[in-house]
Amino acid sequence: MAFDKASVRDAEVDGKRVLVRVDFNVPLDGQEVTDDTRIRAALPTIEYLTGAGAKVILCSHLGRPKGQVVPELSLAPAARRLSELTGKAVVMASDVGGEDSRAKADRLEPGGILLLENTRYEAGETDNDPELASRLAGLADIYVDDAFGAAHRAHASTAGVAGHLPAYAGLLLEKEVENLTSVAADPERPLVVVLGGSKVSDKVGVIDRFLEIADQILIGGAMCFPFFKAQGHTIGNSLCQDEDIPLAEDALRKAAAGRCELVLPTDLTLGREFSADTETEALAGTDVPDGWMGLDIGPQSASDYASRISTAGTVLWNGPMGAFELDPFAGGTRTVAEAVAAAPGFTVVGGGDSVAALVKFELTGDVDWVSTGGGASLELLEGKTLPGVAALNDR
Ligand code: ADP
Ligand code: MG
């Protein structure tokens, strides 16, 4: 499916004031940005616009200040980092489309960059308040949405403001949607989907959809325990939400009746508790004894998953295979991450923790597409329309 929204490249931006919604929701340690991945991801659009002579007005949310001015959640550290990355001055406004924003926007030269304060300092942001949306729109001639990570929310700075101005997709948003939709639309086969993480209910929409599309779905992480429970295995103290068991039963039924192979681990690494210095045990099966919890897929499963990944035409990976934050339980996730990185097929990774695992193992550069959006990427993979994308002008 081709992306059918108007691109920033189609817009006449020279000398124009362009409001760009970016995703600068970055981790901070005091005044320092500890991971600037999201800022770097927005650079192509920002540099395209400054290079084309636009007056660039950026806005983003950061954390959850819930409509209050929380100084610890100021975007000022992101402005400094952006200035270092672009080698240009980045002016910081002290409000979200108020008097200071207007004054500074008026003084912007072509090629200049202004960053507004955290949009969630305003309660109207998450309520999609029309007054805030029109106040933001009043700053600019054109709107560009490059905040893929926020595109699944109809907020004032995403869907709201897009209703007031000619609205275009930024380069990152465009690539995110193209890459994530291509996995389901016309994949090279076999299409192998690797799903892990903590909860089936978070990802049941993706499981359901890909049971119809994929050739194999490989399950890892705590997600396998509702499946094991549904099959009558013992799970000890492993993480398992009761409400996930019927969802797993349903997926097993659909898989048995369909063409997609649903693969569960055949061995596990156990711990006494969720801790890096707990006692560990290799289990050559999937019946977890009392007093133990499954915290990683076992080495046999990890190497089976790796070999399936290495022969796939397309790989989609979302969710770690175990509690990879704890070294004794990082093995399954590392093996899968390395297999994805080395795979000759087209590889896409989404999900905050899966991407964190890629970063930890220094493999991000070897994956074809690393999504910047957690919730947004899942909703897109479920086949949903994202409100932030729907609000943009058609091509
Ligand atoms: P993503 O952000 O990539 O979508 P999730 O948020 O769904 O992934 O899941 C990530 C979390 O799942 C991690 O914090 C990891 O510790 C946890 N996890 C994975 N496997 C297990 C397990 N077997 N037991 C407990 N927690 C697990
Ligand atoms: Mg997560």
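Anything mentioned here points back to the structure above.
If you're wondering where the values come from, they're calculated on a predicted model, not measured in any experiment.

**Student:** Quick question: what am I supposed to make of the overall build of the protein chain here?
**Tutor:** When helices and strands are tallied, the protein chain shows 14 helices and 17 strands. Its C-alpha radius of gyration of 22 Å places the protein chain within 12% of the 21 Å reference for a compact globule of 395 residues. Its C-alpha atoms give the protein chain principal-axis dimensions of roughly 70 × 45 × 35 Å. Look at the contacts in the protein chain between residues 6 or more apart in sequence, and 74% of them connect residues 24 or more apart. Here the protein chain has roughly 15700 Å² of accessible surface; of this, 47% comes from carbon and sulfur atoms.

**Student:** I would appreciate a short explanation of the sheet that holds strand 13 (residues 280-283) in the present structure.
**Tutor:** Across the sheet, three strands lie side by side as 13-12-14; this open sheet has antiparallel pairing. Every interior strand has two partners, whereas the edge strands, strand 13 and strand 14 (293-297), have only one. Across the sheet, the axes of successive neighbouring strands diverge by a mean angle of 35°, strand direction being ignored. Sheet topology note: the strand 12 (residues 268-271)/strand 13 ladder contains four bridges and is antiparallel.

**Student:** Is there a simple way to explain the sheet that holds strand 11 (residues 261-263) in this structure?
**Tutor:** Backbone hydrogen bonds hold the strands of a sheet together, and the pairing may be parallel or antiparallel. In space, the six strands of this open sheet follow the order 11-10-9-15-16-17, with parallel pairing throughout. For this open sheet the edge positions go to strand 11 and strand 17 (369-370), each flanked by a neighbour on one side alone. Where strand 10 (residues 216-219) lies against strand 11, three bridges are found, and the strand directions are parallel. Looking at the pairing, Leu218 lines up with Val263 of strand 11. Together, strand 9 (191-195), strand 10 and strand 15 (314-318) form the strand contacts of helix 7 (residues 200-213), whose direction differs from that of strand 9 by roughly 160°. Contacting strand 9, strand 10, strand 11 and strand 15, helix 10 (residues 299-310) runs over the sheet at an angle of about 150° to strand 10.

**Student:** Help me understand the environment of Ile39 in this model?
**Tutor:** Relative to the helices and strands, Ile39 is located in helix 1 (residues 37-51). Discounting chain neighbours no more than four positions away, the residues touching Ile39 are Phe24, Val26, Val33, Ala78, Arg81, Leu82 and Leu85.

**Student:** What should I look at first to understand the layout of surface pockets in this one?
**Tutor:** Space left empty within the atom packing is revealed by a probe, the size of a water molecule, rolled over the atoms. Volume-wise, the largest pocket comes out at about 1000 Å³. Along its surface, the largest pocket is lined by 40 residues, and Asp23, Arg38, Thr372, Gly373 and Gly374 are the ones closest to its centre. Listed by contribution, the elements that provide at least two residues to the lining of the largest pocket are helix 1, helix 6 (171-185), helix 12 (352-360) and strand 17. It is helix 6 that contributes the most residues to the lining of the largest pocket, five residues altogether. Of the residues contributing to the lining of the largest pocket, the split by class is 13 nonpolar, 16 polar and 11 charged. Lining the second largest pocket are 32 residues, and of these Gly197, Ser198, Pro320, Gly322 and Asp353 sit closest to its centre. Mapped by element, the contributors of at least two residues to the lining of the second largest pocket are helix 7, helix 8 (224-230), strand 14, helix 12 and helix 13 (375-381). Residue contributions to the lining of the second largest pocket peak at five residues, all from strand 14. Partitioning the lining of the second largest pocket into residue classes produces 14 nonpolar, 12 polar and six charged.

**Student:** In this structure, what is going on with the site of ligand 1? I would like to understand it.
**Tutor:** Around ligand 1 lies a shell of 20 residues, among which Lys203, Gly294, Glu325, Asp353 and Ser354 are the nearest. One of the backbone nitrogen or oxygen atoms of Ser198 is found 3.4 Å away from an oxygen atom of ligand 1. Between an oxygen atom of ligand 1 and a side-chain N or O atom of Ser354, the distance comes to 2.5 Å. Expressed as a share of its isolated accessible area of 580 Å², the protein-covered part of ligand 1 is 87%. Elements with a minimum of two residues in the shell around ligand 1: strand 14 and helix 12. Among the elements that take part in the shell around ligand 1, helix 12 stands out by supplying three residues, more than any other. Looking at the shell around ligand 1 residue by residue, the classes come out as seven nonpolar, 10 polar and three charged.

**Student:** How should I be thinking about unusual backbone geometry in this particular structure?
**Tutor:** Negative phi is the rule for most residues except glycine; trans is the rule for most peptide bonds. Along the chain, Arg189 connects to Pro190 via a cis peptide bond; the corresponding omega equals 0°. In this fold, Pro190 is placed in the loop between helix 6 and strand 9. At Asn128, a position not held by glycine, the phi torsion is positive, near 50°. Summarising the element assignment, Asn128 is placed in the loop between strand 6 (113-115) and helix 4 (130-137). Note on Asn128: relative accessible area 26%, which makes it partly exposed. Despite not being glycine, Glu362 has its phi angle at roughly 55°, a positive value.

**Student:** Just checking my understanding: could you explain the state of the cysteines for this structure?
**Tutor:** What we call a disulfide is simply a covalent bond connecting the sulfur atoms of a pair of cysteines. A complete count under the given rule lists zero disulfides for this structure. No disulfide involves Cys224; its nearest neighbouring cysteine sulfur is the one of Cys240, lying 9.6 Å away.

**Student:** Just checking my understanding: could you explain the packing of helix 1 against helix 2 (residues 76-86) for this structure?
**Tutor:** Packed helices, taken two at a time, are described by the angle between their axes plus the distance between the axes. Across the interface, helix 1 lies against helix 2 with an axial gap of 11 Å and an inter-helix angle of 60°. Taken together, the axes of helix 1 and helix 2 lie oblique to each other. Between helix 1 and helix 2 lies a crossing of right-handed hand. Contacts from Ile39, Arg40, Leu43, Ile46 and Glu47 of helix 1 reach helix 2 at Ala78, Arg81, Leu82, Leu85 and Thr86. Tallied by class, residues from the contact of helix 1 with helix 2 come to six nonpolar, one polar and three charged.

Rules of the game
Residues numbered from 1 in each chain as written. Chains lettered and ligands numbered in written order. Predicted model: local features only at pLDDT ≥ 70, side-chain atom pairs only at ≥ 80, totals over all residues. Heavy atoms only, no water. Helix = DSSP H or I, 4+ residues; strand = E, 2+ residues; numbered from the N terminus. Rg over C-alpha atoms; globule rule 2.2 N^0.38 Å. Contact = heavy atoms within 4.5 Å. Areas by Shrake-Rupley, 256 points an atom, 1.4 Å probe, with all protein chains shown as cover. Pairing = 2+ DSSP bridges. Axes fitted to C-alpha atoms, helices over the stretch in contact; angles between N-to-C directions. 1 Å grid on protein atoms, 1.4 Å probe; cavity = no way out; pocket = protein on both sides within 12 Å on 5 of 7 lines; lining within 4 Å. Points joined across faces, edges and corners; volume = space filled by probe spheres on them. Nonpolar A, V, L, I, M, F, W, Y, C, P; charged D, E, K, R; others polar. Near = heavy atom within 4 Å. Polar contact = N/O pair within 3.5 Å; in protein donor to acceptor, adjacent residues only side chain to side chain. Buried < 20%, exposed > 50% of the residue type's maximum accessible area, 1.4 Å probe, protein only. Disulfide = S-S within 2.5 Å. Parallel < 35°, antiparallel > 145°, perpendicular 65-115°, else oblique. Left-handed = near helix turned anticlockwise from the far one by under 90°.

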